[in-house]
Amino acid sequence: MFKKSILPSIVLPLLLISSPSAFATVILDFSPSAQTVPLSGQASVDITASNLQNEYIGAFDFDVSWDSSILSLASVSFGNALGGGLLSFQAENTNNSMGTSSLTELSFLSNLTSLQTGNTNIILATLIFDTLSTGQSALALAGNISGGGFLSDENGNLLAASANSGLINVVTVSAPETLFLMGIGLLMIFGIRRRNESDDNSVSQHYL
Amino acid sequence: MLKKTLILWVSAFLSALFIASSAQATHFRYGHITWTSGTTANAVNVRLLNAWRGNAYNNRCVNPVSMTSGACSGPGGRAGVGDIIIEYVGFSQFTWGDGSARVGSSFGPLLYLVTSIDPANNWLSGVAVDPTSLPIANSGDPIDTVLNHTYNSTGAYTASLSSCCRISGLAFPNRHVNNPSGSYRTETIIDLSAGNSSPSSVQDPVVLCPINAICNFAIPATDVDGDTISFRLSTSAEAGGFRQPGSPGSGAPNPANIDPLTGIYTWDTAGAVLAASGQNTLYSTQVMIEDGTTKVPLDFFIQLTTVDPTPPVIQPPSNSPPICNTTQVITLGDTFTFDVVASDTDIADTVTLNSAGLPSGAFMAPVLPITGNPVSSTFSWTPDATQAGNFLVSFSATSSSGGFTQCPVTLQVSAMQKCDADGDTNIDTDDISLIFAARNTSATGVNDPRDVDNDGEITILDARQCTLQCDLMNCQTL
């Protein structure tokens, strides 16, 4: 029963809407690309950039969207690849009723090599969602730069990029499963107490 | 003895008469004045553009470093592009109109930086040099071609450049029909009230029109303030005692006229007196361009030629945007280039490409004029800090069959430093913050300092480019 209800969710296809380009493009992903979380739990997802091919990201400006009936964005934290703190401007404008958030960061650093290698994947931002109801919410990115661009390179030129979508599946944990989990929990608590008592006895004996 | 003395005196008198007349003879070809308000009260910046006889300044060129006069660099010992000539022929000096001293140079008359030449038709054109800016420290340093003056009070001042003479009746290969050997005068009203600046224009010194036909061409003009411009023919007094083409005694029966709104100059050349075969038939004309407050003159020649059924064209290279009759926006310090290509569908024709009104520091590669079919040259200019404002440059293509085409281009040099969004002359976090806050909105215009890439939209790309131009590391606030 457990396997039957959980596994399909875990193995949900990771699907991806990408726009292949004739040029090598930076790829923006949600990481994990798909995840299942229980209702009333939270989901954490990173927005990452990969396939940099010796490019450095000097700024980004894009919107994230999700199903507002399933998720609510609780917090956003920006990565440190563009500087952060006093070394960059960061802006977040979230509208949970619409299920959108605009994320922008601009680095003041003229040289980004201390923070980016030009090849290693970087985390642009981490999103924490509260769950509102069960169901599947796609996550999508839309660029804001000049009608669709996502990224600026280190010189202020548009950096070609394509964005993959993500998915968060919010599920209800069923009663048998809940009882099973509670039982396991009680057994673990019982076991821990027994072991502590045993340890206390052995310690006492040792000092005796 | 008496006879010998008399002969000597007569000889001396005739020599003096000859020198005096040649010193002011037949050298004026073109004139235009344009000006802008200065940065302080009642201050004005004036540019004088003139064309003179090409062979009149041999060995009258000035080294701007040593301030010595000597040989010129052009063909046949004439002045070439980039040379500075002493305008000693007419001893031209500029009058501010307020009783203050005329502007000349340490040599007496004004100096001109030569910006284009036409050896075949024997003219050179140039822009007057600010005498107070000389000498320059090093050869190749920018030549200041703006005359600066501050009036004691606001008012309307008639500033002018006048002397003698226009081309004579026959100065081979030219025959000047309507104002031979006449005085020339170009005058403007400088009225700095409300920070006004004058219109500006540019014209090839000689415009070609067909014989016995109606000739139409547009007078290029622009106004840096955006004022509405109007056109009219100058009066005789304004032009120094003058007959416009078609006026009584001008040698042509049909009066020229100009549309006051469009600036289209029209002249029916039927019946106009023509020069003998092998000579150029020239009629002088002067147009006054007004903006409601001031006026600026444009004095040039019309040459009558046979009709070329396939006149030359000036076009951009393939896959390049149009350049003729456009306004190109340049930011101070940026280098701006474009190609000019002239051709004629009649493969038997050759085309001469030339320019007029090149700003100081701008150059063409190869240097004009050049002849061929097709012919091309590249314009390049990096305006310096003193050159904010509007500049008109005109390219002309003249075919060997008498066809003629002009290509005016307005160069608008933005005084606003890109990225300096708060206008405090430095670039720091305050500017980046303003640009960042305005991202994904439309720019207010071509001079919007937040739109660095001039794509009409303020984006994070503009902000990023500006972070690289901050005065201090990491865009710290000054």
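*Asks:* With reference to specific residues and values, describe the overall build of chain A.
*Replies:* Helix and strand content of chain A: 2 helices and 13 strands. In chain A, buried positions account for 31% of the 208 residues. Looking at chain A alone, contacts between residues at least 24 apart form 80% of all its contacts between residues at least 6 apart.

*Asks:* Before we move on, can you summarise the overall build of chain B with the specific residues and values?
*Replies:* Looking only at helices and strands, chain B features 3 helices and 32 strands. Relative to its full complement of 478 residues, chain B shows a buried share of 49%. Sequence-distant contacts in chain B: of pairs separated by 6 or more residues, those separated by 24 or more amount to 65%.

*Asks:* Lay out helix 3 (residues 460-467) of chain B with the relevant residues and their values.
*Replies:* In terms of residue burial, helix 3 of chain B counts as a mostly covered element, since 8 of its 8 residues are buried. Its buried side turned inward, helix 3 of chain B meets strand 4 (57-65), strand 7 (100-107), strand 10 (151-153) and strand 11 (158-159) of chain A together with helix 2 (429-437) and strand 32 (457-458) of chain B.

*Asks:* Residues and numbers for the interface of chain B and chain A, please.
*Replies:* Counting residues at the interface gives 16 residues for chain B, matched by 18 residues for chain A. Considering every element that reaches the side of chain B that touches chain A, the biggest residue donor is helix 3 of chain B, with 6 residues. Of the residues in the side of chain B that touches chain A, the class split is 7 nonpolar, 5 polar and 4 charged.

*Asks:* Describe helix 2 of chain B, and please don't skip the residues or the numbers.
*Replies:* Buried within helix 2 of chain B we find Asp431(B), Ile432(B), Ile435(B) and Phe436(B). Angular distribution of buried residues about the axis of helix 2 of chain B spans 135 degrees; they occupy a single face of the element. For helix 2 of chain B, the elements touching its buried residues are strand 6 (88-95) and strand 7 of chain A together with strand 32 and helix 3 of chain B.

*Asks:* Outline the nonpolar core, listing residues and values.
*Replies:* Side chains of a nonpolar character, in soluble globular proteins, are inclined to be buried together. Judged by nonpolar contacts, the single largest core of 74 residues is most densely connected at Leu48(B), Ile85(B), Tyr112(B) and Val287(B). If sequence neighbours within four positions are ignored, Leu48(B) has contacts with Ile33(B), Phe94(B), Val127(B), Ala128(B), Leu147(B) and Leu161(B). Ranked by size, the runner-up nonpolar core spans 58 residues in total, among them Ala125(A), Ile168(A), Ile458(B) and Leu461(B).

*Asks:* Requested: an account of the environment of Asn96(A), with residues and values cited.
*Replies:* Residues and elements named next belong to chain A. The residue asparagine 96 is located in the loop between strand 6 and strand 7 in this model. The partly exposed category is assigned to asparagine 96, around which 16 C-beta atoms lie within 10 Å. Sequence separation between asparagine 96 and alanine 74 is 22 residues; the distance between their C-alpha atoms is 9.1 Å. Residues in contact with asparagine 96, not counting those within four places in the same chain, are Ser68, Ser72 and Leu73.

*Asks:* Before we move on, can you summarise the confidence of the model for chain A with the specific residues and values?
*Replies:* Residue and element names in this part refer to chain A. When pLDDT is averaged along chain A, the result is 82, and 72% of the positions lie at 70 or above. Counted against residues more than four places away or in other chains, residues 1-23, with its pLDDT under 50, gives 25 contacts. Segment residues 199-208: pLDDT under 50, and 0 contacts once partners within four positions in sequence are set aside and those in other chains are kept.

*Asks:* Please provide a residue-by-residue account of the pairing of strand 21 (residues 295-305) of chain B, values included.
*Replies:* Residues and elements named next belong to chain B. Of all 11 residues that make up strand 21, 10 are buried, and the element is covered over most of its length. Inspection of the sheet shows strand 1 (residues 28-37) paired to strand 21 by 2 bridges, in the antiparallel sense. Among the inter-strand pairings, histidine 32 is bridged to a residue of strand 21, identified as leucine 298. Looking at chain direction, strand 20 (residues 280-290) and strand 21 are connected through 10 bridges and run antiparallel. Pairing of threonine 285 across the sheet is with phenylalanine 300, part of strand 21. Linking strand 20 to strand 21, which pair antiparallel, is a turn of 4 residues; within it glycine 292 sits at a positive phi near 95 degrees.

*Asks:* Help me get a handle on the packing of helix 2 of chain B against helix 3 of chain B, residues and values and all.
*Replies:* All names here are of chain B. Look at helix 2 against helix 3: their axes get within 8 Å of each other, and the N-to-C directions meet at 170 degrees. Between helix 2 and helix 3, the interaxial angle falls into the category roughly antiparallel. Listed contacts from helix 3 to Asp431, Ile432, Ile435 and Phe436 of helix 2 are Asp462, Ala463, Cys466 and Thr467. When its residues are assigned to classes, the contact of helix 2 with helix 3 shows 5 nonpolar, 1 polar and 2 charged.

*Asks:* Can you tell me about the sheet that holds strand 5 (residues 71-78) of chain A, naming the residues and giving the values?
*Replies:* Residues and elements named next belong to chain A. Taking strand neighbours across the sheet as the criterion, the 5 strands line up as 5-8-3-1-12 in an open arrangement whose pairing is mixed. Across the chains shown, the open sheet's two edge strands, defined by having one partner strand only, are strand 5 and strand 12 (161-163). Looking at each pair of strands side by side, their axes are set apart by 20 degrees on average, direction ignored. As paired elements, strand 5 and strand 8 (residues 122-131) share 7 bridges and run antiparallel to each other. The residue bridging serine 77 from the neighbouring strand is threonine 126, located in strand 8.

*Asks:* Quick rundown of the sheet that holds strand 12 (residues 183-191) of chain B? Include the residues and the values.
*Replies:* All names here are of chain B. An order of 6-10-12 is seen for the 3 strands of this open sheet, with the pairing classed as antiparallel. On the outer flanks of this sheet lie strand 6 (94-95) and strand 12, each paired with one strand and no other. Bridging between strand 6 and strand 10 (residues 156-164) involves 2 bridges; their strand directions are antiparallel. Paired with phenylalanine 94 across the two strands is leucine 161, which belongs to strand 10.

*Asks:* Explain the environment of Glu154(A) to me, using residue names and the numbers behind them.
*Replies:* Residues and elements named next belong to chain A. If you trace the backbone, glutamate 154 turns up in the loop between strand 10 and strand 11. Judged by the 22 C-beta atoms lying within 10 Å of it, glutamate 154 falls in the buried class. C-alpha separation for the pair glutamate 154 and leucine 82, spaced 72 residues apart in sequence, amounts to 10.0 Å. Not counting the four nearest positions on each side in its chain, glutamate 154 is found in contact with Tyr56, Gly58 and Leu112.

Conventions we followed
Residues numbered from 1 in each chain as written. Chains lettered and ligands numbered in written order. Predicted model: local features only at pLDDT ≥ 70, side-chain atom pairs only at ≥ 80, totals over all residues. Helix = DSSP H or I, 4+ residues; strand = E, 2+ residues; numbered from the N terminus. Buried ≥ 20, exposed ≤ 12 C-beta atoms within 10 Å, placed from the backbone. Contact = placed C-beta atoms within 7 Å. Nonpolar A, V, L, I, M, F, W, Y, C, P; charged D, E, K, R; others polar. Arc of directions from axis to C-beta. Core = buried A, V, L, I, M, F, W, Y, C linked by C-beta atoms within 7 Å. pLDDT = per-residue confidence, 0-100. Pairing = 2+ DSSP bridges. Axes fitted to C-alpha atoms, helices over the stretch in contact; angles between N-to-C directions. Parallel < 35°, antiparallel > 145°, perpendicular 65-115°, else oblique.

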